[in-house]
Each structure stands twice: as C-alpha cells, then as structure tokens.
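Residue-level structural notes
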Amino acid sequence: MLVTAYLVFVVLLASCLGLELSRCRAKPPGRACSNPSFLRFQLDFYQVYFLALAADWLQAPYLYKLYQHYHFLEGQIAILYVCGLASTVLFGLVASSLVDWLGRKKSCVLFSLTYSLCCLTKLSRDYFMLLVGRALGGLSTALLFSAFEAWYIHEHMERHDFPAEWIPATFARAAFWNHVLAVVAGVAAEAVACWVGLGPVAPFVAAIPLLGLAGALALHNWGENYDRQRAFSRTCAGGLRCLLSDRRVLLLGTIQALFESVIFIFVFLWTPVLDPYGAPLGIIFSSFMAASLLGSSLYRIATSKRYHLQPMHLLSLAVLIVVFSLFMLTFSTSPGQESPVESFIAFLLIELACGLYFPSMSFLRRKVIPETEQAGVLNWFRVPLHLLACLGLLVLHDSDRKTGTRNMFSICSAVMVMALLAVVGLFTVED
C-alpha cells in the first residue's frame, strides 16, 4: 500500500502538471493580469487567504487518526464529526450577518483566533474539550467561506473601483492554487507527523503559526469594510419561495444535498478503510487532492471552445463516476475480502468526480438561481445536506466496524442513484 500510494501520487501530479502547462501555453494573458495596481491588491489578498487555506488543509489528513490515537471508539469519533458538521451549518446560517456587523477584516482576524484555539484543543485527550474544538472549527469554517470573499469583493468594487469582470479571474486562480495548497499540505502533514515526534497532533500544531501569520497580515495590511445588515428571516423566506416555485432549483438542491452528504461520509470513512494497511495518510490525502485538481483541469478543457461540452453533461458524468465508485467500495470493503488498493482507486475516482462536480454545480447555480436569492437558497440547500450526512454518521454504523463500513457504502450507493435520478429530472426540465 505504501509503494502504491507514492506511485499513484507521482502519476497524478505529473498528469496535473502536464494539463496545466498546456493550458497556460494556449491561453493568452488577460488585461487584468498586466495591471500593476490590481496585481498588488490581489497579492495582498492572496497572502492572507492562502495562509488560511493552507492551515485548514494541513489538518485534514490526520483528524480521524488523531481521535483514533486517543483511543476513542468509532461511534465516539462519529459524534465528533457530527458536532463539527452541525456547528458548520448553524454558524453558516448567520455567518454573513455576523461578518457584515462585525466587519470583514475583524472577522478574518477572528477566524485566525478561533481556528488557532480549535487546533490547541487537539492537544487535549478530554472528549468534551475535543467537542468544543469541533464547535470552534465549525465557526472558523463558516468565517473562512464568508469573510474573506466578502472583504475582497467590497475592496475590489468600492475602494479600488476595478472592473467587476476581474473578480471571477481572482477566484478562479484562487481555486486552482487552493488545490495546489491542498496537495502540498498533505505532503507537509505526512512529514511533520512522521518527523516532529508529536505523532498525529503535529499537523494541528504546525497550523497555528500559519493562522497567526494570516491574522497578523490581515490586521496590518487590510482596511476594514462593512455592509448593511441583511435581514436573515427575509433572506431565508425569499430563498424558500424561490426553491419551491422553480422545479429546476428544487432539483438542483436535491442533487447538491445527496451528492455532498455522501462526500462528507467519504471524508469520515477513508481513513479507517486505508489506515490499517499502512497507508501514508498525508500522501493519500495529497493524491486525493491531485485527483480533484485533475478533475478540475478536465472540466476546463471539456468546457473550452475546442470541445464545447456543457456543465450539465459533466455533472451527470460526475454523479455516474461516484455511483460506480461506491459500488466498487461495497465489494472492496466486504469483511474477509478487503482490497485496500481497489478501495484507494475508488476513492480517487470520487475525488476526480468532485473536480468535475463543483465547477459544474457552481455554473448551474449561477444560471438557475437569481442572484438576489442565492444566499437564501444556499442556506436551505445546506440544511438537508448536513442532516443527511449527520444521520449517515450516526445511524448507518453498527457494532461491527467492517460490516458497518460496507453497509454505509451500500446505502451511499443508493443515495447516489437517487441523485442520478434527480439529474435525469433536471435534464427533462432543461429540455
């Protein structure tokens, strides 16, 4: 398993590098890329944002392993994950209003503080302290995905008066480098976990200086900006009306809830499936991120002027790949007949599908959901998504870990078949 992991990682990395180099040679630079003021502003944003993302990714490979290292049972670990999911959705519902009221810069600094505290709780073996850490992690995640983007857009439009069409270029580049950071973070997590001497807690300790530096740079280099507070009840009411009045929006929400809830369960399961066979968790995680980056690169190629494939078709392909992968996992995790290499390949296919799914879903949301209602609709999308993931983690595992894992993959397969039917329904409405 060790040799397979490193070999797959090198092959995926080479494939991603080849695709990106060919794309860069074929794509002429845009006007935004040659504007010195814009580039300086972009750099100020990226310095802070990328440090925050790197700290977040650094913790991902060893979270389950850390709880296992503290000798918690799988059911107890599942509750810790559920606590994190629940806090993410609860804080996510109010994050935008909190950021507008507190200020975007202060919210980014608050993210650094709360996430640092979350990392410090990992040094404790006390279960209640770890639950508190998961709650802090949920708040930090909600701030990460709201405060930074809100700060950038306000500064871009209001303070610097750059063209609005340059905003997608900034976040497209950020999405690419986010994948790269995730790949590097997996390798770094593997290195510090093996060499520092702290074991699985080492990546969490290593993330704290990155978070501190991100907060310090934001505090020193960024200006503050605010926005008028939006009525949360009005936002949610408008989103619910949009969701119920447009069948396309309802189907899109169904696909998102089913697909992403399965991905959350996959995040929980990959470590206990592969770790018993000596898998290097950091390298495995980097391979997953490289596969996702490969999927994103294939998405950009498939939707280019040369091939003209529609995001809807790529969304369908992503769902089909996950259905196939979950059927593979149902057999490769069968008690007494486990095949870790097959499971690893299936996990890589799921990550490849994620690389196709997320840009496809982002495009379809912009196309189908009115801009004024997107925040409210997305709030409603998150509720069944996290509810399904929490129910899966709490209910689907039985007392026998191996049987429970296989049963979970079986039920996830059925869930993804339902997502596939929703995709077919969306095709019917589109036609």
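Now for a description of the structure that goes with this document.

About the cut-offs
- Residues numbered from 1 in each chain as written.
- Predicted model: local features only at pLDDT ≥ 70, side-chain atom pairs only at ≥ 80, totals over all residues.
- Heavy atoms only, no water.
- Helix = DSSP H or I, 4+ residues; strand = E, 2+ residues; numbered from the N terminus.
- Buried < 20%, exposed > 50% of the residue type's maximum accessible area, 1.4 Å probe, protein only.
- Core = buried A, V, L, I, M, F, W, Y, C linked by side-chain atoms within 4.5 Å.
- Contact = heavy atoms within 4.5 Å.
- Patch = residues over 30% accessible without salt bridge, like charges linked within 9 Å, V, L, I, M, F, W, Y side chains within 5 Å.
- Areas by Shrake-Rupley, 256 points an atom, 1.4 Å probe, with all protein chains shown as cover.
- Salt bridge = Lys/Arg side-chain N within 4 Å of Asp/Glu carboxyl O.
- Axes fitted to C-alpha atoms, helices over the stretch in contact; angles between N-to-C directions.
- Parallel < 35°, antiparallel > 145°, perpendicular 65-115°, else oblique.
- Left-handed = near helix turned anticlockwise from the far one by under 90°.
- Bend = angle between axes of the 7 residues up to and from the residue.
- Phe/Tyr/Trp six-rings, centres within 6.5 Å; stacked < 30°, edge-to-face > 60°.
- Lys NZ or Arg CZ within 6 Å of the ring centre and 35° of its normal.

Positioned with a positive phi, H71 is a non-glycine residue whose angle comes to about 70°. Although it is not a glycine, D161 adopts a positive phi angle of roughly 55°. With respect to the helices, strands and loops of the structure, D161 is situated in the loop between α7 (147-159) and α8 (167-195). For D161, a relative accessible area of 62% corresponds to the exposed category.

Counting residues in hydrophobic clusters, the biggest one holds 130 residues, and the most contacted among them are F148, W270, L274, F288, L326, F347 and M416. Considering each element in turn, this core owes the most residues, 15 residues, to helix α11 (residues 247-274). Contact partners of L326, with chain neighbours within four places excluded, come to V262, I350, F409, C412, S413 and M416.

A few words now on a nonpolar patch on the surface. Together, F327, F331, V417 and L421 give the surface a local cluster of nonpolar side chains, amounting to about 410 Å² of exposed area. Residue F331 is classed as exposed on the basis of its relative accessible area, which comes to 57%.

Quick look at the packing of helix α5 (residues 104-121) against helix α6 (residues 127-144) now. Packing of α5 against α6 brings their axes to within 8 Å, and their N-to-C directions diverge by 155°. When the interaxial angle is binned, α5 and α6 end up roughly antiparallel. Regarding α5 and α6, the two cross each other, and that crossing is left-handed. Contacts from S107, L110, F111, T114, Y115, L117, C118 and T121 of α5 reach α6 at M129, L130, G133, L136, G137, L139, S140, L143 and L144.

Once that is clear, we can look at helix α4 (residues 74-102). At A95, α4 shows its maximal bend, which comes to roughly 50°. Positive backbone phi, at 110°, marks G103, one or two positions downstream of α4.

Moving on, we get to the pattern of salt bridges. Enumeration according to the criterion identifies 4 salt bridges in this entry. Ionic pairing is found between K65 and D275, a salt bridge with its closest N-O pair at 2.9 Å. Taken together, the residues K65 in helix α3 (residues 63-69) and D275 in the loop between α11 and α12 (281-302) connect sequence positions 210 residues apart. Judged by relative accessible area, K65 falls into the partly exposed class, the value being 25%. In this structure, the salt-bridge partner of R159 is E155, at a minimum N-O distance of 3.4 Å. In this pair, R159 and E155 both sit in helix α7, 4 residues apart, roughly one turn of the helix.

Direction vectors running N to C along α11 and helix α13 (residues 311-332) enclose 40°, while the axes themselves pass 12 Å from each other. Between α11 and α13, the angle falls in the class oblique. Every pair of crossing elements has a handedness; the one defined by α11 and α13 is left-handed. Here I255, F259 and V262 of α11 lie close against α13, whose contacting residues are L315, A318, V319, V322 and L326.

For the rest of this paragraph, the subject is the packing of aromatic side chains. The tally for this structure, following the rule as stated, stands at 35 aromatic pairs. On the basis of an interplanar angle of 85° and a centroid distance of 5.3 Å, the ring pair of Y152 and F171 is categorised as edge-to-face. Taken as a pair, Y152 in helix α7 and F171 in helix α8 lie far apart in primary sequence, 19 residues in all. Owing to a relative accessible area of 0%, Y152 belongs among the buried residues under this scheme. Its end group placed over the ring of Y81, R134 keeps NZ or CZ at 5.1 Å from the ring centre.

This next bit is on the environment of V82. Structurally, the position occupied by V82 is in helix α4. Sequence spacing of V82 and I369 is 287 residues, and the spatial spacing of their C-alpha atoms is 29 Å. Beyond its immediate chain neighbours, meaning those up to four positions away, V82 contacts C390, L393 and L394.

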